[in-house]
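# Structure assessment
Chain by chain, the residues run as shown.
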Amino acid sequence: MTSTPAAVPQAAESVPAVVLTSLTKQFGRFAALRNLSAEFAEGKLYVILGENGAGKSTMLRAIAGLLRPTSGRVSVFGAEYGGLDSGRGILGQLGYMAHPSLLYDEMSAMENLIYSARLYGIDDEACCAAAITLVGLDPLLHRPVGQYSQGMRQRTSLARALLHDPRLLLLDEPFSNVDVASARGMVQLLSRMRDAGKTIFVVTHQARLLAQAADEFVWIHCGSIESRVTTLDLEAVQ
Amino acid sequence: MSATPSVTPSAAPDQTSSAVHAAREPVLRPESRAPHVLFATLMKDLRLEWRSKDAINSMLFFALLVVVVFSFSFDPTGDDARRIAGGLIWVAFLFAAVVALGQTWAREIRNQVLDAYRVSTAPANDLFLAKALGNFLFVSVLEVVMTPLFVVFYNLRVLGPAYLLPVIAVLGTWALVVNGTFFAAISLRTRSREVMLPLILFPISIPALLGMVEATKIILTGESSAKFWIVLLAVYDLVFTTVCLSLFETVLDAE
């Protein structure tokens, strides 16, 4: 076990943010990812699209290091999981928002964020309050997260993911159950973060929201990348 | 407050997470983080338990039931009570502790919060030690509350060196919780984890349980020295704490 967080090479223009090499992930006989290879450049906003069960979330979890590939490799900013630092160095560089909230229902948003911040060695409550404000919530809201609406929980979850200022953001269905106005606000926030040099992956079924903001749309089908396009064919996402 | 303001499109252009972090250093010293995470996780668990009281209430009611049922079943005289009390009290604590051990990890899989820990840079062993210390505190509270009841129900009077009883309690409790926390984490991803935990934990706890029961009996009856059993407990604690710490990261990262 090593706790050294900063073994990742610093950003260089030639180093892609994420490289997937022949990535395969099997759950029993079911192959969620099939020999998937792709490179994703730094500082871009990628929208991952596909049907239910296509392998979008599995790909995101593999990039986050939460799934061990059956075969193939995942490289984030030039560092691979399973290296000398067991991927801990990569983890400090990424923020992950899953479909479940990753929050304790019995604690308030602020309490959840303060705890999350401490997992990254951040001891700064003002930073947590700023992250909550950034996603449009009130840091003084003392209700437990379990009593929040689903949309508020999503936004708290987003605040948790970007709390430690990661270079790479992995967001799984960030707009589900979020009202349209708030979702648009989240898209604007993601655009600004991309403009600030962050690499962002968004798995969503609401691609229209990101039609203007995204740099690339990646279609996944049956565990493989079917196509990568820079403009969204609105009829294809009906 | 229940207002749910939207993310305002008119937010300032520099209001990104980078701006949020502008005031702090980008990289913190790793060596300053370890006790920090352990303490934060422990305090979070204590706070959650204080609010829900899931584990402590279940443990107390379970242990109380055991005391009452056994006291009616055996109706022991003074000498008999001293011989069997050690066994009864530790078996009651072991069974009650299993309830708490399951609860502490159940919180971590609700909303997949454990994944948030796994994608952070926090050391795996800090999570394990925080959970083990939290469980140690919960079971210690149980012991402090239940021991006077045992004394009353079984009319106990200590004939040996009573000052050794807290030592046995600390070593014995740690033996239960360190393995219990570890095996509860292993059984977390199994389908029938409530059944799996006792099935794995009880057999491996037999040497420790034997040490606790024999040492307690010797001190209650004042017959001989409990030194051998106390040393056995200390060695057991040392070995299993080391083994659990060595293997916990593998358990945490298992799919």
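Residues numbered from 1 in each chain as written. Chains lettered and ligands numbered in written order. Predicted model: local features only at pLDDT ≥ 70, side-chain atom pairs only at ≥ 80, totals over all residues.

## With respect to the overall build of chain B
For chain B, the helix and strand inventory stands at nine helices and zero strands. When the helices and strands of chain B are listed from N to C terminus, the series reads α-α-α-α-α-α-α-α-α. In chain B, buried positions account for 42% of the 255 residues. Considering only residue pairs separated by 6 or more positions, chain B has 86% of its internal contacts joining residues 24 or more positions apart. (Helix = DSSP H or I, 4+ residues; strand = E, 2+ residues; numbered from the N terminus. Buried ≥ 20, exposed ≤ 12 C-beta atoms within 10 Å, placed from the backbone. Contact = placed C-beta atoms within 7 Å.)

## A look at the overall build of chain A
Looking only at helices and strands, chain A has six helices and 10 strands in total. Expressed as a percentage of the 238 residues in chain A, the buried residues total 54%. Pairs at least 24 residues apart make up 70% of the contacts formed inside chain A by residues separated by at least 6 positions.

## A few points about the pairing of strand β9 (residues 216–221) of chain A
Residues in a regular strand point their side chains to alternate faces of the sheet. Residue and element names in this part refer to chain A. Sheet topology note: the strand β3 (residues 45–50)/β9 ladder contains five bridges and is parallel. Note that in β9 the partner of L49 across the bridge is W219. Between β9 and the antiparallel strand that follows it, strand β10 (residues 224–229), lie two residues; C222 among them carries a positive phi value of about 50°. (Pairing = 2+ DSSP bridges.)

## Some thoughts on the sheet that holds strand β6 (residues 94–97) of chain A
Two strands in a sheet stick together by hydrogen bonds in their backbones, pointing the same way (parallel) or opposite ways (antiparallel). Residues and elements named next belong to chain A. Reading across from one edge, β6-β7-β8-β3-β9-β10 is the order of the six strands in this open sheet, with mixed pairing throughout. With partners counted over all chains shown, the strands left at the sheet margins are β6 and β10, one partner each. Neighbour to neighbour, the strand axes of the sheet diverge by 15° on average, direction disregarded. Two strands pair when backbone bridges link them, and β6 and strand β7 (residues 168–172) are joined in this way by four bridges, in the parallel orientation. Bridged to L94 within β7 is L168. Strands β3, β7 and β8 (199–203) of the sheet are contacted by helix α6 (residues 180–195), whose axis makes an angle of about 150° with β8. (Axes fitted to C-alpha atoms, helices over the stretch in contact; angles between N-to-C directions.)

## Details of the sheet that holds strand β1 (residues 18–27) of chain A
Residues and elements named next belong to chain A. Reading across the sheet, the four strands line up as β2-β1-β4-β5 and stay open at both edges, with antiparallel pairing between neighbours. The two strands at the open ends of the sheet, each matched to only one other strand, are β2 (30–40) and β5 (79–80). Relative to β5, strand β4 (residues 71–76) runs antiparallel, the two sharing two bridges. Bridging from a neighbouring strand, S75 pairs with E80 of β5. Taken strand by strand, helix α1 (residues 56–63) contacts β1, β2 and β4, and its axis lies near 60° from that of β2.

## Structural notes on the confidence of the model for chain B
Residues and elements named next belong to chain B. Here chain B shows a mean pLDDT of 83. Residues at 70 or above account for 85%. Long-range and interchain partners of residues 1–14, a stretch whose pLDDT sits below 50, account for 25 contacts in this model, where long-range means more than four residues apart. Throughout residues 22–32 the model reports pLDDT below 50, and contacts reaching past four residues in sequence, or to other chains, amount to 10 contacts. The complex prediction reports pTM at 0.85, with the ipTM value standing at 0.87. (pLDDT = per-residue confidence, 0-100.)

## A look at the pairing of β10(A)
All names here are of chain A. The element β10 is barely covered by neighbouring structure, given that only zero of its six residues are classed as buried. Alignment of β9 against β10, held across five bridges, turns out to be antiparallel. Across the sheet, F217 pairs through a bridge with V229, a residue of β10.

## What about the domain arrangement of chain A?
Residues and elements named next belong to chain A. When the domains of chain A are assigned, the result is domain 1 (15–93 + 166–238) and domain 2 (100–165). Contact with domain 1, which involves 13 residues of that partner, is made by 12 residues of domain 2. Listed by contribution, the elements that provide at least two residues to the side of domain 1 that touches domain 2 are β7 and α6. For the side of domain 1 that touches domain 2, the leading source of residues is α6, giving four residues. (Domains from an automatic or database assignment.)

## A look at the confidence of the model for chain A
Parts of the prediction with low pLDDT should not have their coordinates interpreted in detail. All names here are of chain A. Across chain A, pLDDT averages 87, with 89% of residues at or above 70. Mean pLDDT values over the elements of chain A span from 72, in helix α2 (residues 88–91), up to 96, in β8. Low pLDDT (under 50) marks residues 1–12, which in the prediction has 38 contacts with non-local residues, meaning those over four places away or in another chain.

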